[in-house]
Structure formats: C-alpha cells, structure tokens
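What follows is the residue order along each chain.
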Amino acid sequence: MASNAAVYRRRLHILESVRIRGMATVEQLSESLGVSPITIRRDLDHLCREGSLIRKHGGAVPVEGEGSVPEKNLSEKDVLNIEAKNRIAAAALELLGDDEIIFMNSGSTTLCFLRALRSRRVKVITNNVASLGVPASPGVELMILGGEYREQSQSLVGEFALSAIRDIWADHTFLGTNGLSLDRGLTTSVYQECSVNQAMIDHTHGKVV
C-alpha cells in the first residue's frame, strides 16, 4: 500500500501532466507513473471531487477554461476588498474563545483575522508565512508549520506540512478560500493548498469556519 507521501506526489504529477498536456489519458498517466490504470482512475476521481481537475471519458482536463479564475499573488489580494475582509474577521472573532488552539490557512482574509486576534489569548498554527509580518500580540502564540514555500501565496505546503498537522488537534479551524460553487462547494485552484486545508479540517475537534 502506498504511503501518504507517495500518493501526494503521484497526484501532483497527475495534475502537472494534465496542465501541460491540456488533456491526459488514463493510459498515459499509468505508463508515466508505473501504476495500474485502476489506481489512476481512483486518483482522477479523487482530484475531480476536490475540484482540482475535470474528469473526461478516458482521462481528465484542467479546470482552466471552465470558468476558473487565475490565482493572484497574495500582495495583490491583500489590498482588495479590505473593508469586507475586516468585517468577516470581526464576525469570525465572535466564534472564538480564549485559550483555544486554532488552525489558520494562507490567504489575505485570514491575515485580517489574525490582526483581529490582538484582543484574544489563543495559539495559532498556520502555514501562512505572511503572518510573520503581522505585528505581534501579547496573547497570541504563533506557530508556523514547515514545508515547501509557495511564493505566490506565501504559504507552506507539501508532505512536511501535512505530517506536522497530523500530530496536532485544534479546537477550531479558520480557512480562507479562493472560490465558492453551488456544485463543488468551497474550492481552490491549487492542489497543494487544498491538501493542507483538508488536513486542518480533519484534525479539528470543533467548528470549521
């Protein structure tokens, strides 16, 4: 049975192959990865459910061109809709008590939430590298996950980050998201980010906000 790290790397390879080719077939992916077509179909079904690609007969195509929006750099997003993000942060703050452990993912809205936490006493565990630029608050204990650095989102991703999350249980998780779909729910165009978000959700006792 493949390890979580092997599955993660295989699915990243599948997404990259689909992105480069425009469409990749089960046979092509099976041959390039040296695994059975059944394994590839299972991976494609999983990635499709996550919204990371679109399943087609015999293979898959990327989500680009199907109404998706290109990912912006965090520096661009951090100045967009700032008043609305601050209102979201204030509303989220009402759901949080003191002396709690929370997961927080990357993104500009979660940075607004972190700034709003200055009046609280909490431990924040995050993959959001940009959080290091937020002025420190006496009651906020900040723990940064390790992992592979994504410059575009200023986040840490990959198996190292996932392994760290698996050793932690949070009281609540606060997530920013890239898209909202009636069909697919909350989505992101970046598989690495999706995996970290899902791991945070899976290791949360209480609310996921």
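For the structure, check the block above.
Here is a short report on the structure shown in this document. (Residues numbered from 1 in each chain as written. Predicted model: local features only at pLDDT ≥ 70, side-chain atom pairs only at ≥ 80, totals over all residues. Heavy atoms only, no water.)

The subject of this paragraph is the overall build of the chain. Tallying secondary structure elements over the chain gives eight helices and 11 strands in all. Relative to its length of 209 residues, the chain is compact, with a C-alpha radius of gyration of 18 Å against a globular reference of 17 Å. With the C-alpha coordinates of the chain rotated into their principal frame, the extents come out at 55 × 35 × 30 Å. Every one of the 209 residues in the chain was classed for burial, and the buried ones make up 45%. A separation threshold of at least 6 residues defines the contact pool for the chain, and within that pool the share at least 24 residues apart is 56%. For the chain, the accessible area works out to roughly 11,300 Å², and carbon and sulfur atoms hold 53% of it. For the chain, the distance from the average site of its 23 positive side-chain charges to the average site of its 25 negative ones is 2 Å. (Helix = DSSP H or I, 4+ residues; strand = E, 2+ residues; numbered from the N terminus. Rg over C-alpha atoms; globule rule 2.2 N^0.38 Å. Buried < 20%, exposed > 50% of the residue type's maximum accessible area, 1.4 Å probe, protein only. Contact = heavy atoms within 4.5 Å. Areas by Shrake-Rupley, 256 points an atom, 1.4 Å probe, with all protein chains shown as cover. Lys, Arg positive; Asp, Glu negative; His and termini not counted. Charge placed at Lys NZ, Arg CZ, Asp CG, Glu CD.)

Another point: the nonpolar core. Generally speaking, a soluble globular protein has its nonpolar side chains buried in company with each other. Formed by 26 residues in total, the largest nonpolar core has its most connected members in I14, L44, L53, F103, I165 and V196. Taken together, the elements giving at least two residues each to this core come down to α1 (4-21), α2 (26-33), α3 (37-50), α7 (159-166) and α8 (191-202). Ignoring any residue separated from it by four or fewer positions in sequence, one finds V196 in contact with N127, L156, V157, A161, L162 and I165. Among the nonpolar cores identified, the runner-up in size contains 18 residues, and L96, M104, C112 and L114 belong to it. (Core = buried A, V, L, I, M, F, W, Y, C linked by side-chain atoms within 4.5 Å.)

To continue, consider the sheet that holds strand β9 (residues 172-174). Within the open sheet, the four strands sit side by side as β6-β5-β4-β9. Their pairing is parallel. A single partner strand is all that each edge strand has here, and the edge strands are β6 (140-144) and β9. Looking at each pair of strands side by side, their axes are set apart by 25° on average, direction ignored. By the bridge criterion, five bridges tie strand β5 (residues 122-126) to β6 in an arrangement that is parallel. When the bridges of β6 are listed, T126 appears paired with I144. (Pairing = 2+ DSSP bridges. Axes fitted to C-alpha atoms, helices over the stretch in contact; angles between N-to-C directions.)

Our next topic: the packing of α2 against α3. Their axes nearest at 9 Å, the elements α2 and α3 cross at an angle of 115°. Comparing the axis directions of α2 and α3 gives the class roughly perpendicular. Judged by the twist between their axes, the crossing of α2 over α3 is right-handed. Touching V26, L29, S30 and L33 of α2 are P37, I40, R41 and L44, all from α3. Looking at the contact of α2 with α3 residue by residue, the classes come out as six nonpolar, one polar and one charged. (Parallel < 35°, antiparallel > 145°, perpendicular 65-115°, else oblique. Left-handed = near helix turned anticlockwise from the far one by under 90°. Nonpolar A, V, L, I, M, F, W, Y, C, P; charged D, E, K, R; others polar.)

The next subject is the sheet that holds strand β3 (residues 59-62). Taking strand neighbours across the sheet as the criterion, the three strands line up as β1-β3-β2 in an open arrangement whose pairing is antiparallel. With one partner strand each, in any of the chains shown, β1 (24-25) and β2 (53-56) form the two edges of the open sheet. Note: β1 against β3, two bridges, orientation antiparallel. Across the sheet, A24 pairs through a bridge with A60, a residue of β3. Sheet strands touched by α1: β1, β2 and β3. Its angle to β3, the strand with the most contacts, is close to 70°.

Counted under the stated rule, the structure contains one aromatic pair. When the ring of F113 is compared with that of F174, the centres are 4.3 Å apart and the planes differ by 25°; the resulting orientation is stacked. Taken together, the residues F113 in helix α6 (residues 108-116) and F174 in strand β9 connect sequence positions 61 residues apart. No difference in accessibility class separates F113 from F174, as the two residues are buried. (Phe/Tyr/Trp six-rings, centres within 6.5 Å; stacked < 30°, edge-to-face > 60°.)

Our focus in this paragraph is helix α5 (residues 82-93). Compared with an ideal rise of 1.5 Å per residue, which puts 12 residues at 16 Å, α5 spans 16 Å between its outermost C-alpha atoms and is within 8% of the ideal. If you check which residues of α5 are buried, you get K85, A89, A92 and L93. In a view along the axis of α5, the buried residues occupy a sector of 100°, so they form one face of it. In α5, the exposed positions angled more than 90 degrees off the buried face are occupied by E83 and R87. (Expected span 1.5 Å × (residues − 1). Arc of directions from axis to C-beta.)

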